[in-house]
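Observations on chain architecture
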Amino acid sequence: MEKTFNIILTGVGGQGIITMLSLIDEAAVVEGYDVKSSELHGLSQRGGSVEAHVRFGKKVYSPMVANGQADLIFAMEITEGLRESVKAGKNTVILVNDYFLAFNEKVLKEEALKNLKTLKNQLYLVPASQVCKDKLQNEIVCTTYLLGYASNKGLLPLKKASLLQAIKNIVPEKYQELNINALNLGYVD
Amino acid sequence: MKKVLLGNEAIIKGALASGVSFVSGYPGCPSAEIGDEFGRIAKKYGVYAEWSTNEKTGLEASIGASFSGLRSLVNMKSFGINVASDSLLPLAYTGVKAGMVIVVADDPSCWSSAQSEQNSRAYAYLSHIPMLEPSDPQECYDFTKLAYEISEKYNLPIILHTTTRVNHQKMPVVFEEVNPTAEFKKGNFIKNPHQFSTMPPRTMEMKKELLEKIDKIKSASWTDLNKISGNKKEKIGIITSGVSYLHAKEVLDALKLNLPILKLGFFYPLPEKQIKNFIKGLKKVLVIEELEGFLEKEITALAKNANPKLEIFGKNVLPISGELNSDKINKAVAKVTDKKFVDFKLKQINLPRRTARLCEGCPYWQVFPVLKRIVPEGTIFGGDIGCNMIGALPPHSMYDYLFDMGASLGISHGISKATGGQKIIPIMGDATFFHSGIPALVNAVYNKSSPLFIILDNRITAMTGHQTNPGVGKTLMNNESPELRVEEIARACGVKNIRVLDQINVREFEDALKEFLTKDEISLIVCKRVCALLARRQAKK
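Source: prediction; values computed, not measured. Residue positions are given per chain, counted from 1 along the sequence in the order it is written. In the order they appear in the text, chains get letters beginning with A and ligands get numbers beginning with 1. Under the rules for a predicted model, residues below a pLDDT of 70 receive no local features and side-chain atom pairs below 80 are neither given nor counted, while totals for whole chains, interfaces and linings still include all residues.

1. Digging into the overall build of chain A
Counting from the N terminus, the helices are the DSSP runs of H or I reaching at least four residues and the strands are the DSSP runs of E reaching at least two. Counting its secondary structure elements, chain A contains seven helices and six strands. Taken over C-alpha atoms, the radius of gyration is set against a globule rule of 2.2 Å times the number of residues to the power 0.38. Scaling as 2.2 N^0.38, a compact globule of 189 residues should have a C-alpha radius of gyration of about 16 Å, and chain A matches this with 15 Å. Labels follow a simple rule on C-beta atoms placed from the backbone: if 20 or more others lie within 10 Å of a residue's own, it is buried; if 12 or fewer, it is exposed; otherwise it is partly exposed. Looking at chain A as a whole, 55% of its 189 residues are labelled buried.

2. A few points about the sheet that holds strand β10 (residues 236–241) of chain B
Across a sheet, strands are paired by hydrogen bonds formed along the backbone, either parallel or antiparallel in direction. Residues and elements named next belong to chain B. Note: two strands are recorded as paired if DSSP finds a minimum of 2 bridges between them. Spatially, β9-β11-β10-β13-β14 is the arrangement adopted by the five strands of the open sheet, whose pairing is mixed. The outermost strands of the open sheet, each flanked by one partner alone, are β9 (227–229) and β14 (311–313). This sheet shows a mean twist of 20 degrees between the axes of neighbouring strands, independent of strand direction. Summarising the sheet, β10 and strand β13 (residues 284–288) pair through five bridges and their orientation is parallel. Across the sheet, residue Gly237 finds its bridge partner in β13, namely Val285. What counts as a contact here is a pair of residues whose C-beta atoms, placed from the backbone, lie within 7 Å. In this analysis an axis means a line fitted to C-alpha atoms, helices contributing only their contacting stretch, and an angle means the value between N-to-C directions, from 0 to 180 degrees. The strands touched by helix α10 (residues 244–255) within the sheet are β10, β11 (261–264) and β13, with β10 carrying the most contacts at an inclination of about 145 degrees.

3. Some thoughts on the interface of chain A and chain B
Between chain A and chain B, the contact holds 34 residues from the first and 32 residues from the second. Where the side of chain A that touches chain B is concerned, the elements lending two or more residues are α1 (17–30), β2 (34–38) and α2 (78–84) of chain A. The element contributing the most residues to the side of chain A that touches chain B is β2 of chain A, with four residues. Only Asp, Glu, Lys and Arg are considered charged, only Ala, Val, Leu, Ile, Met, Phe, Trp, Tyr, Cys and Pro nonpolar, and every remaining residue, Gly among them, polar. Across the side of chain A that touches chain B, the residue classes break down as 13 nonpolar, 13 polar and eight charged. Examined bridge by bridge, β2 of chain A and strand β8 (residues 169–174) of chain B share two bridges and lie antiparallel to one another. Note on β8 of chain B: the bridge partner recorded for Ser38 of chain A is Gln169 of chain B.

4. Here we look at the nonpolar core
Under the definition applied here, buried Ala, Val, Leu, Ile, Met, Phe, Trp, Tyr and Cys residues are grouped into a nonpolar core through C-beta atoms within 7 Å. Residues Tyr145 of chain A together with Val101, Val103 and Leu160 of chain B are the most contacted members of the largest nonpolar core, which totals 159 residues. Boundaries between domains were set according to an automatic or database domain assignment. Each of domain 1 (2–219) and domain 2 (227–336) of chain B gives at least three residues to this core. With sequence-adjacent residues up to four places away left out, Tyr145 of chain A is seen in contact with Ala128, Val131, Cys132, Ala182, Leu183, Leu185 and Gly186 of chain A.

5. A word on helix α1 (residues 7–17) of chain B
Residues and elements named next belong to chain B. Burial within α1 is extensive, with ten of its eleven residues counted as buried. Buried within α1 we find Gly7, Asn8, Glu9, Ala10, Ile11, Ile12, Lys13, Gly14, Ala15 and Leu16. One or two residues past the end of α1 sits Gly19, with phi positive at roughly 75 degrees.

6. A word on the pairing of strand β6 (residues 122–126) of chain A
Put simply, side chains in a regular strand alternate between the two faces of the sheet. All names here are of chain A. As paired elements, strand β5 (residues 93–97) and β6 share five bridges and run parallel to each other. Opposite Asn97, over in β6, you have Val126 as the bridge partner. A crossover connection joins β5 to the parallel β6 through helix α3 (residues 109–117); in handedness this β-α-β unit is right-handed. Clockwise travel from the first strand over the helix to the second, with the strands pointing away from the viewer, marks a crossover as right-handed.

7. Regarding the packing of α10 of chain B against helix α13 (residues 326–336) of chain B
All names here are of chain B. At a closest axis distance of 9 Å, the pairing of α10 and α13 adopts a crossing angle of 60 degrees. Judged on the interaxial angle alone, α13 and α10 are oblique. Crossing of α10 over α13 shows right-handed handedness. Residues Ser244, His247, Ala248, Glu250, Val251 and Leu255 of α10 form the contact with α13, whose participating residues are Ser326, Ile329, Asn330 and Val333. Grouping the constituent residues of the contact of α10 with α13 by class yields five nonpolar, four polar and one charged. Angle categories are assigned with fixed cut-offs, so that under 35 degrees is roughly parallel, over 145 is roughly antiparallel, 65 to 115 is roughly perpendicular, and the rest are oblique. Handedness of a crossing is defined here by the sense of rotation of the near helix relative to the far one, left-handed for an anticlockwise turn of less than a right angle and right-handed for a clockwise turn.

8. Some thoughts on the pairing of strand β19 (residues 497–501) of chain B
Relative to strand β20 (residues 523–528) of chain B, β19 of chain B runs parallel, the two sharing five bridges. Residue Val500 of chain B lies in a different strand from β20 of chain B, and its bridge partner there is Val526 of chain B.

9. Let's talk about unusual backbone geometry
Trans is the prevailing form of peptide bonds, just as negative phi is the prevailing case for residues other than glycine. All names here are of chain B. The omega torsion across Pro200 and Pro201 is 10 degrees, close enough to zero to call that bond cis. In this fold, Pro201 is placed in the loop between α8 (193–196) and α9 (202–219). For the bond from Pro394 to Pro395, the omega torsion is 5 degrees, close enough to zero to count as cis. Looking at the element boundaries, Pro395 is found in the loop between β15 (380–383) and β16 (401–402). Located in the positive-phi region is Arg459, a residue other than glycine, with phi close to 70 degrees. Within the chain, His466 stands out as a residue other than glycine whose phi angle is a positive 65 degrees. Looking at the secondary structure, you find His466 in the loop between β18 (452–457) and α17 (486–492). What makes His466 partly exposed here is the crowd of 17 C-beta atoms within 10 Å.

Pasting the structure below:
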C-alpha cells in the first residue's frame, strides 16, 4: 500500500466505536503498518455524535484525517453518516449501518436516507444492526460485522486473518467468540 | 515490548518504568484513564493509588509522598490545575525530594469541557515549574521517563502538559515492561524545614534558588526534547509543539516541502539559545501552537536581538480558539510560503446537532420535569459540573448559570443575598459536593442565605467513567472506606431542613420541594438513586 489509508468512524456515543477503532489499530499493526488514531471520551460520548479517526500506512504522523481525504467513512447510524458526509472527498466510500436513532422531530429517517442517496459518493447501506440482531442476538457487534463486510468487499485493506488476530489480541475472552462470529458473518455475501 | 497504546496508557508505562509508587489526582476528561488504570494495577505493581477528593488534596498527597521519598504522579484535567494551584506555587519554591510528575490535560475545542477553553501552559509562567509537551503516545512514554529524571536532577516537580488529541491518541509504542512486585514501597519523612517550609525571609531565598534552577535547565542541552529536522538551508522555518507538530509534518509531506522544523518538547523553560540559532538565518518563521500564542510572543522577543528582520507568523494565520488540524495548518503554511491553497469546501447541510443527553433510565430524568412543574415562575436554577450539566441542554434547558465545580451553590448564595431572597435552586452531584461543594455550603449557612440546594446523589462519579468518591464506601484500589453521607455532612455544617429521598417517589419529592420553597433559610434535598449505567453493570456481575 503506497498511500496512507484514512478512515473516519462515526455514530452515536455508546455504539462501540472505540472498540471498532481499537480493532482497526490492532489489525493494521498485525499487518506491519504504522498507525495512528484519535478518539473522544467523556461528555462527548454521552449519547451525542461521536467521531473517531484512524490512519495506517508506511509512516503516519497526524492521528486525524484531513477534510476530503477519507478513503472510507464508517457510519454506525444514518443521520451521523449524513452529517459526516460533508467531509467526504470525491473518492470517499461511505459505508452506513442501516440503523436510525431518532433524536429530533425535525430529522426523519426517510429524508436522511434520501439525502444520503443523493450524494455522489460510492455508498453502501448495510443492515448490520439487523443482521447481528437476527443471527447473533446482539446488536453491538455490528461494528465487528461491518469490519468483516468492508474487508470482504475490498473497501478496507485489512485481511481477515489480521482482523481475527486483532479480536484475539484485544477483545476480552468472554466476548471473543461473539466477535469472531460477527466478523465471519461479514464475509458471507 | 511494542504495543498499541493510548497516550494515557503510555504515561502509565512511563511512570511505572520510572519507579512511581504514589499516584493521586481527580478524574476528568481527557486524563481520567490514568487514575482508573492505576486503580486496576496498583496492587500488582506495589503502587499506592487514590482518587483524591479534589485536585488540591490530590497534589498535596503527592507532595507529602515526595517529601517522604516516594516518586509520585498526579493526574488531572485542565481545570484541575486551577484548584490545585494554591499548593502548586509553593511547591515550586520548596521543590520535591523524590521525583514528581503532574499531568495536566487540556481540551482545546471543549470536547469534554464546559467552563472554558483553558490553555494551562500559562501556569508554567505563573509557577516557574518546568513543562513538557509530548506530541504522541511514544513521547508520552519517553517524556514521562525524562520528566522523572529532570525532576530528580533539579528537585523540581515537572508538569506534563497534554491535550485531548494526545491523551486519546493511539499508536504502537515501544516501552520497557516492568516486572510486577506486590511489595509497597514505604517512604520515610526526614525532617528538613529548611526545604519544606515556605516562611519569609526563607521564601525570598527559595524564589532565588528556583530561578537559578530554571536558568540551569535553560542553559542545558535537551536533545531528546527539542529537535530540529528538515533542510536547514531553507529560509522559511517552523517552530511547533504538541500534537500540532504531527499535523505540520503531515502538511509539509503532502506539499512536498522540506522546511526546517524546530519541535519543542520543553514549553518552559524555552531553549532560548537553540531558538535564536534556529531563527538566525531565516527570513520567515511560522509558529504553530494551539490556543493562545505564548510561544509566538517569546519568539518575537528573542528575534529582536537574534534576527530583527525576521517575519514572524503565528496567530495572524492560525486561530486562537479551537484545536488545530491539518486543514488549518495547511492554509497557514500556504500563506507563509506563498503557495496556492484550495480550501476544502465543507458541504452545507441542514441537520440539528445531536448533543449529549442523559442515558436511558438515568435517575436525573425524574428530577428536571418535577422541578419545572413545581417551582414558582422566575425561580433561578444553577447548574454544576458532571452529568447534571446535561440539564443545560434541550429538552431540559434548566440552568440560568453554569460555572465550575461547586459553583452552583457558591453563586446561589450571592444571588440569594444580593436579591434579598429571590428563590434559587442550585443543583450539584455527589462527587462535586465532596470536591468543592462543602466550603460553599458552610459559607451559605454561616452567612445566612436561603437557596434550596439539591444534590443529585447517583452514588458514583459518573460523567468521567464511574470513579469512586467518599460517598461510595470504596477507594480507587477497591478497599473498604467509611461511606460519607451527604446529609450528615450538611447537618454538621448547620443545615436544618434536610430531606433524603428517592426521586422516583414523585409525590414525596414534590412535597419536599413545596415545603422547602417556603423557607427563608437554606434547605437541602438529596435525590438519592444510583446511576442507571452503574446499576445495569452491577446487575450483570
